[in-house]
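# Structure at a glance
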Amino acid sequence: MRLPRWQRWLLGAVLSLVVLPFAVPLGLNALGAALITDDPLHPADAILVLGGESRDGDRVQHAVKLFKRGLAPLLVLSGTPMGFRTHEVDIMRRHAEFLGVPPARILSVKHDSDSTKEEAGVVVPVLKRRGLKEVILVTSNYHTARAKRIFERAAGPYGPHFLASPVDDGLFEPDGWWKSRRYAKTFVYEALKTVWSAVEVE
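Here, residues in each chain are numbered from 1, in the same order as that chain's written sequence. The model is predicted, so local features are restricted to residues of pLDDT at least 70 and side-chain atom pairs to those at 80 or more, both for listing and for counting; the totals for chains, interfaces and linings are taken over all residues. The basis for the side-chain values is all heavy atoms of the structure; hydrogens and waters are excluded.

## A word on the packing of helix H5 (residues 144-155) against helix H6 (residues 181-198)
Lines fitted to the C-alpha atoms define the axes, with helices restricted to the stretch that makes contact. Angles between their N-to-C directions range from 0 to 180 degrees. Put simply, DSSP marks the helices as runs of H or I at least four residues long and the strands as runs of E at least two long, and each gets a number from the N terminus on. Close contact between H5 and H6 brings their axes to 10 Å; oriented N to C, the two are set at 20°. Taken as axis vectors, H5 and H6 run roughly parallel relative to one another. H6 is crossed by H5, and the crossing has left-handed handedness. Of H6, the residues touching H5 (which contributes Arg146, Arg149, Ile150 and Arg153) are Glu190, Lys193, Thr194 and Ser197. Ten residues, namely Ala, Val, Leu, Ile, Met, Phe, Trp, Tyr, Cys and Pro, are considered nonpolar, four, namely Asp, Glu, Lys and Arg, are considered charged, and the remaining ones, Gly among them, are considered polar. When its residues are assigned to classes, the contact of H5 with H6 shows one nonpolar, two polar and five charged. Put simply, angles under 35 degrees are roughly parallel, angles over 145 are roughly antiparallel, angles from 65 to 115 are roughly perpendicular, and the rest are oblique. Throughout, a crossing is termed right-handed when the near helix is turned clockwise from the far one, and left-handed when it is turned anticlockwise from it by less than a right angle. Note on definitions: a residue-residue contact is assigned when non-hydrogen atoms from the two residues lie within 4.5 Å.

## A word on the side chain of Asp58
Within the secondary structure, Asp58 is located in helix H2 (residues 58-68). We call a residue buried when its accessible area falls under 20% of the maximum for its residue type, exposed when it is over 50%, and partly exposed in between, using a 1.4 Å probe and counting protein chains only. Here Asp and Glu are counted as negative and Lys and Arg as positive; His is not counted, and neither are the chain ends. Salt bridge, as used here: a side-chain nitrogen of Lys or Arg that lies within 4 Å of a carboxyl oxygen of Asp or Glu. In this structure Asp58 is buried but unpaired, with Arg59 as the nearest side chain of opposite charge at 7.8 Å. In this structure Asp58 touches Glu53, Val167, Asp168 and Asp169, once residues within four positions along its chain are discounted.

## A short note on the pairing of strand E6 (residues 134-140)
Buried residues dominate E6, accounting for seven of its seven residues. Bridge analysis of strand E1 (residues 46-49) against E6 gives four bridges, and the strand direction is parallel. When the bridges of E6 are listed, Ala46 appears paired with Val135. In short, DSSP must find at least two bridges between two strands for them to pair. As paired elements, E6 and strand E7 (residues 161-167) share seven bridges and run parallel to each other. When the sheet's bridge partners are listed, Glu134 is paired in E7 with His161.

## What to know about H6
Take the number of residues in a helix, subtract one, and multiply by 1.5 Å to get its expected span. With 18 residues, H6 should cover 26 Å at 1.5 Å per step; its first-to-last C-alpha distance of 26 Å lies within 8% of that length. Looking at H6, one finds that the buried residues are Thr186, Phe187, Glu190 and Ser197. Viewed end-on, H6 has its buried residues packed into an arc of 100°, placing them on one side of the element. Facing away from the buried surface of H6 by more than 90 degrees, the exposed residues are Arg181, Leu192 and Val195. What qualifies as a polar contact is a pair of N or O atoms within 3.5 Å, subject to a donor-acceptor requirement within protein and to the restriction that residues adjacent in sequence count only when both atoms come from side chains. The N-cap of H6, judged by a side-chain oxygen 3.4 Å from the amide nitrogen of Arg182 a few residues on, is Ser180. Of all possible arcs, the one meant is that of the directions from the helix axis to the C-beta atoms.

## As for the confidence of the model for the protein
For every residue, the predictor states its confidence as a pLDDT score lying anywhere from 0 to 100. On average, residues of the protein carry a pLDDT of 87, and 85% of them reach 70 or more. Of the regions scoring below 50 in pLDDT, residues 14-23 engages in two contacts with residues more than four places distant in sequence or in other chains.

## Notes on the packing of H2 against helix H3 (residues 88-98)
Between H2 and H3, the shortest axis-to-axis distance is 10 Å and the interhelical angle comes to 40°. Here H2 lies oblique to H3, going by the angle between them. Of the two possible hands of crossing, H2 and H3 adopt the one that is right-handed. For the pair H2 and H3, contact is made by Val60, Gln61 and Val64 and by Met92, His95 and Ala96, respectively. Residues belonging to the contact of H2 with H3 are distributed by class as follows: four nonpolar, two polar and no charged.

Structure below.
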């Protein structure tokens, strides 16, 4: 027996009220997770740490752990000037050396880029000149998906190929990100940058 229209509408409204509280969080969590790429890692030619390091040096700490696991023989540090006679890469290098990475195993790439796209434009040619074929890309978790796409695009079909390894620096958590002002702010900024990079204006 076919229900009258008003009963079908009422049933649909009730079902929506029941399903919506579950569907919306799942959808928002999926959006948060879309920012993150976490590739299975295997031995590569180098570990690249992107600029934008946290105060605690989370990216360098993560990269050094990968280095000590024997996943690559070279640590490549990328960064920009921070102020008077202070460069991000120099601080990252001192941190890596303090954590036990031999100076000869560290390659510093200094630049003055304003975006991930510009950073890739500087760093990728350096990696190519070194003949590196596979590189582990270390950056903040929310930055991994966009950064990998940009670096792969800059590398072109002949590489190097990048494996993203996300770092939890406390700025983003994909599950329930909309409940935290810090996480929501990070999501909005990164989502806007993702759209911007997709139209090649980043």
